[in-house]
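Take a look at the letters that make up each chain.
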Amino acid sequence: GTGEAARAFRPVGFNTGLMDDFAKTLDFLTEEKARVLLLNTPVWQPLVEAQKSEYSRAMVLIDSLAREHSPAAEIIDFVPRFSSETKLFFDPIHMNPSGQEAVTRALCEQLTQGKASTR
C-alpha cells in the first residue's frame, strides 16, 4: 500500500532551522533587489505519490515563505513535466546525466523566452 511505498523513500521533512535560513536568504535577496528564481527540480513520481500530503505541505510552505519574504520571486516547478520520466533518474531524487541535461535545456528555454512565472 501507500504506507509501505512511503517507507521505501527518505521522508519529506520540515526542519525549522532550514526554513528560517530560507526565509532569511529570501529577505536578504529582496533587500539587495536581486531577481529571485526558485526552481523545484524533478523528483520521481512514485516518491511524490508515496508522500503526497507531506510533499504538498512542503510546496505550500515554500510558496508561502516566498510570498512573504520575496513577493516578486518566480517559481518554476519542473516536477509535473519530468517526474514520470523514469529513464531520467538514477534514484527517486537524483536525475541522471540525461535528466540533468533535459532540465537544464528546459530551464534555459523558459528563461530565454521570459516564461518564468510567479505563482
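If you're wondering where the values come from, they're calculated on a predicted model, not measured in any experiment.

Visitor: Explain the overall build of the protein here, please?
Guide: Of the regular secondary structure elements, the protein holds six helices and two strands. Within the span of the protein, comprising 119 residues, buried residues form 30% of the whole. Considering only contacts within the protein whose residues lie at least 6 apart along the sequence, 79% involve residues at least 24 apart. For the protein, the computed accessible surface area is about 7,700 Å², with 56% contributed by carbon and sulfur atoms.

Visitor: I keep staring at the pattern of salt bridges and nothing clicks. Help me out?
Guide: Close approach of charged atoms allows side chains with opposite charge to pair. In total, this model carries five salt bridges according to the counting rule given. When the shortest N-O distance is used, the salt bridge between Arg67 and Asp63 registers 2.9 Å. Residue Arg67 and its partner Asp63 are located together in helix H4 (residues 52–69), separated by four residues, close to a single helical turn. Residue Asp63 is classed as buried on the basis of its relative accessible area of 19%. The closest approach of N and O atoms between Arg105 and Glu101, which form a salt bridge, is 2.9 Å. Remark: Glu101 and Arg105 occur in helix H6 (residues 97–112); sequence separation between them is four residues, near one turn of the helix. Judged by its relative accessible area of 52%, Arg105 falls in the exposed class. By relative accessible area, Glu101 is classed as partly exposed at 43%.

Visitor: How should I be thinking about the nonpolar core in this particular structure?
Guide: A general tendency of soluble globular proteins is for nonpolar side chains to be buried together. In terms of nonpolar packing, the biggest core is built from nine residues, these being Ile76, Phe78, Phe82, Leu88, Phe89, Met95, Val103, Ala106 and Leu107. Here this core gets three residues from one element, more than from any other, and that element is H6. Dropping the residues within four chain positions of it, Leu88 is found in contact with Phe82, Met95, Asn96, Ser98, Gly99 and Ala102.

Visitor: How should I be thinking about the packing of aromatic side chains in this particular structure?
Guide: Any pair of aromatic rings gets described here by the distance separating the centres and the angle formed by the planes. Per the stated rule, a full pass over the model turns up one aromatic pair. Plain terms: the ring middles of Phe78 and Phe82 are 5.6 Å apart, the flat faces sit at 90 degrees to each other, and that makes the pair edge-to-face.

Visitor: Just checking my understanding: could you explain H6 for this structure?
Guide: Look at H6: 22 Å from first C-alpha to last across 16 residues, which is about the 22 Å you get at 1.5 Å a residue. Tucked inside the fold, the buried residues of H6 contact strand S1 (37–40), strand S2 (74–77) and helix H5 (79–82). Where H6 starts, the residue carrying a side-chain oxygen 3.0 Å from the main-chain nitrogen of Ser98 turns out to be Asn96. Of the residues flanking the end of H6, it is Gly114, one or two places downstream, whose phi is positive at about 65 degrees.

Visitor: How should I be thinking about the side chain of Ser83 in this particular structure?
Guide: Position of Ser83 among the secondary structure elements: in the loop between H5 and H6. Engagement of the side chain of Ser83 in a polar contact is seen with the side chain of Gln45, the distance being 2.6 Å. Here Val79 takes part through its backbone oxygen, which lies 2.9 Å from a polar atom of the side chain of Ser83. With sequence-adjacent residues up to four places away left out, Ser83 is seen in contact with Val43, Trp44, Gln45, Phe78 and Phe89.

Conventions we followed
Residues numbered from 1 in each chain as written. Predicted model: local features only at pLDDT ≥ 70, side-chain atom pairs only at ≥ 80, totals over all residues. Heavy atoms only, no water. Helix = DSSP H or I, 4+ residues; strand = E, 2+ residues; numbered from the N terminus. Buried < 20%, exposed > 50% of the residue type's maximum accessible area, 1.4 Å probe, protein only. Contact = heavy atoms within 4.5 Å. Areas by Shrake-Rupley, 256 points an atom, 1.4 Å probe, with all protein chains shown as cover. Salt bridge = Lys/Arg side-chain N within 4 Å of Asp/Glu carboxyl O. Core = buried A, V, L, I, M, F, W, Y, C linked by side-chain atoms within 4.5 Å. Phe/Tyr/Trp six-rings, centres within 6.5 Å; stacked < 30°, edge-to-face > 60°. Expected span 1.5 Å × (residues − 1). Polar contact = N/O pair within 3.5 Å; in protein donor to acceptor, adjacent residues only side chain to side chain.

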